[in-house]
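Residue-level listing of the chains:
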Amino acid sequence: MPVRRGRDTMLPAEFPKTDDYPAGIIQEDNLADKGKYTDLQAPATPSRGQNMLRKKVHGSQGGSVAPEPSSSKENRVSVDEVWYKYQQFWESDQAGIGIVAHDNTVDHNIVVIKSFKLHAGNRQCGLLRKVSKEKPSNIVCLLDVFPSDHSIHLAYESLEVSLHHIQATCLQEITEIELAIIAKEVLQGLRYIHSELQVPYGQLCPRNVLLSYYSCDVKLANIGEPILKPQKKDYADDARAVGTLLVRLKEPGTFRRNPESLELKDQRDISDHCKTFIRQTASSSLKHLINHDFLLKSPGIGRLRIFIYRAMACAAKFPSKKLDR
């Protein structure tokens with residue numbers, strides 16, 4: 001190839017055309033573009049005195065390079081974006097006070113929005129988005145995550161009633177069969193939180209267990225709480241809380257006298273399997289409890305529909321607070 005000589009180096013008189021290279025991509029190693037990959041194209045002829053660019057050519061099988069992950073700053077949004085997507089119109093108690101809103105689509109899908117005044121870290125946002133993507137069946141669906149610099153807004157699906165409502169309207173009709181259904185569904189929700197998110201739930205109570213009239217699903221609410229706020233309780237506390245939850249549903253008086261009690265005082269319509277299961281929540285792992293014979297009494301969540309319906313009828317008598325648009 002003919003060359004012309006400069007003072008400090010020898011440069012090619014003419015660079016080869018792109019057709020002379022195999023199909024692929026080029027990495028340019030000069031200081032400005034070191035490590036960057038660009039589509040193959042004819043480089044401009046360098047000016048005299050510049051060092052010749054060294055090009056590393058990859059074959060057509062070389063593939064592309066994955067883009068660098070976005071910085072946490074790029075994942076932050078303005079609070080205004082929440083209310084651009086959703087229109088608030090109501091304030092209601094869904095496992096705690098939340099803003100009821102609808103999205104701005106023709107379907108007007110209803111959500112419940114809860115906010116936290118804190119800066120969520122990358123790991124916390126990652127866990128929240130994991131829950132939002134996977135939508136586990138025993139966790140209240142997290143539909144949207146809006147992290148900003150000083151707060152975070154979470155949009156949950158709207159569910160009709162909680163175990164607190166069912167307890168208030170159907171106390172005399174709750175049998176150990178309903179206890180088995182509830183225990184089985186709650187344990188599956190806790191298993192997801194412990195194994196997939198690796199955090200304790202730490203807030204199991206009737207108000208935080210929500211139910212859907214349409215599907216009869218039993219779901220743990222406020223999944224943002226254990227992810228965003230450090231919990232004082234641990235995995236063993238969650239297991240024990242299943243036992244105290246069942247005592248609370250069956251005998252609220254016993255629970256009020258001793259919130260830590262795992263003994264049912266009225267033994268007339270309770271089997272040994274049920275009593276043993278409740279006691280073992282104090283020392284057994286979730287894996288052992290999920291495989292306990294007592295849960296075989298569960299005929300499926302459909303049996304809860306009549307309880308949900310009655311609770312909905314009762315809750316309708318207590319209107320929530322309307323918000324100004």
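As recorded by an unreviewed UniProt entry, the protein carries the name Protein kinase domain-containing protein and is attributed to Aspergillus leporis.

Moving on to the sheet that holds strand β12 (residues 209-211). A sheet is described by the order of its strands in space; here three strands give the open sequence β11-β12-β13, paired in antiparallel fashion. The open sheet has two free edges, formed respectively by β11 (161-162) and β13 (218-220), since each of these has just one partner strand. For β11 and β12, the ladder comprises two bridges, and the chain directions are antiparallel. Bridge pairing in β12 links Val161 to Leu211. Strands in contact with helix α4 (residues 176-197) are β12 and β13; relative to β13, the strand with the most contacts, it is inclined by about 35 degrees.

Glancing now at the packing of helix α3 (residues 163-170) against helix α10 (residues 305-315). As a packed pair, α3 and α10 sit with axes 8 Å apart at the nearest point and diverge in direction by 90 degrees. Here α3 lies roughly perpendicular to α10, going by the angle between them. Here α3 contributes His165, Ile166, Thr169 and Cys170 to the contact with α10, which in turn contributes Phe307, Ile308, Arg310, Ala311 and Cys314. Residue composition of the contact of α3 with α10, by class: six nonpolar, two polar and one charged.

The next subject is the packing of aromatic side chains. Counted under the stated rule, the structure contains five aromatic pairs. Geometrically, the ring pair formed by Tyr86 and Phe146 is edge-to-face, given 6.3 Å between the ring centres and 90 degrees between the ring planes. With Tyr86 in strand β6 (residues 86-93) and Phe146 in strand β9 (residues 142-147), this residue pair connects regions lying 60 residues apart in the sequence. Each member of the pair, Tyr86 as well as Phe146, carries the same accessibility label: buried. Aromatic ring contacts, followed pair by pair, group Tyr213, Tyr214 and Tyr309 into a single cluster. Its guanidinium or amino end placed over the ring of Tyr213, Arg305 lies 5.7 Å from that ring's centre, counting from NZ or CZ.

Leu154, Ile166, Val186, Leu204, Leu220 and Phe277 are the most contacted members of the largest nonpolar core, which has 67 residues in total. The element that contributes the greatest number of residues to this core is α4, accounting for 11 residues. Counting only domains with at least three residues in this core, you end up with domain 1 (81-157) and domain 2 (161-317). Those residues within four positions of Leu204 in sequence are excluded, and the remaining contacts are Val186, Leu190, Val209, Leu220, Asp238, Ala241, Val242 and Leu245.

The subject of this paragraph is the pairing of β9. Of all the six residues making up β9, five are buried; the element is thus mostly covered by neighbouring parts of the structure. Where β9 meets strand β10 (residues 152-157), five bridges bridge the pair, whose relative direction is antiparallel. From the neighbouring strand, Leu142 faces β10, where its bridge partner is Tyr156. Between β9 and β10, which pair antiparallel and follow one another directly, the connecting turn spans four residues.

Turning our attention to the packing of helix α2 (residues 122-134) against α4. Between two packed helices, the angle of one axis relative to the other and the distance separating the axes together describe the packing. For the pair α2 and α4, the least separation of the axes is 12 Å and the interaxial angle reads 135 degrees. The orientation of α2 relative to α4 falls into the category oblique. As for the relative orientation of α2 and α4, their crossing is right-handed in sense. Contact with α2, carried on its side by Arg123, Leu127, Lys130, Val131 and Glu134, involves Tyr192, Glu196 and Leu197 of α4 and no other residues of that element. Looking at the contact of α2 with α4 residue by residue, the class counts come to four nonpolar, no polar and four charged.

The rules behind the values
- Sequence order as written defines the numbering, with residues in each chain counted from 1.
- It should be noted that, the model being predicted, local features are given only for residues of pLDDT at least 70 and side-chain atom pairs only at 80 or more, the latter also being counted only at that level, while totals for whole chains, interfaces and linings use all residues.
- Note: side-chain values were computed over all heavy atoms of the structure, leaving out hydrogens and water.
- Strand pairing requires that DSSP identify at least two bridges connecting the strands.
- Only DSSP runs of H or I reaching four residues or more are called helices, and only runs of E reaching two or more are called strands; each is numbered from the N terminus.
- We call two residues in contact when some of their heavy atoms are within 4.5 Å.
- Only the stretch in contact is used when fitting a helix axis, every axis being a line fitted to C-alpha atoms; angles between N-to-C directions are given from 0 to 180 degrees.
- Comment on the angle field: the value is read as roughly parallel under 35 degrees, roughly antiparallel over 145, roughly perpendicular from 65 to 115, and oblique elsewhere.
- Residues are grouped as follows: Ala, Val, Leu, Ile, Met, Phe, Trp, Tyr, Cys and Pro are nonpolar; Asp, Glu, Lys and Arg are charged; all remaining types, including Gly, are polar.
- For Phe, Tyr and Trp, where Trp contributes only its six-membered ring, two rings pair if their centres lie within 6.5 Å, and the inter-plane angle classes them as stacked under 30 degrees, edge-to-face over 60, or tilted in between.
- When accessible area is computed with a 1.4 Å probe and restricted to protein chains, residues below 20% of their type maximum are described as buried, those above 50% as exposed, and intermediate ones as partly exposed.
- Placement of a charge over a ring requires the Lys NZ or Arg CZ to be within 6 Å of the ring centre, with the centre-to-atom vector within 35 degrees of the ring normal.
- Nonpolar cores are built from buried Ala, Val, Leu, Ile, Met, Phe, Trp, Tyr and Cys residues. Side-chain atoms within 4.5 Å join them into one set.
- For the domains described, the bounds stem from an automatic or database domain assignment.
- Here a crossing is taken to be left-handed if its near helix is turned anticlockwise relative to the far helix by less than a right angle, and right-handed if that turn runs clockwise.

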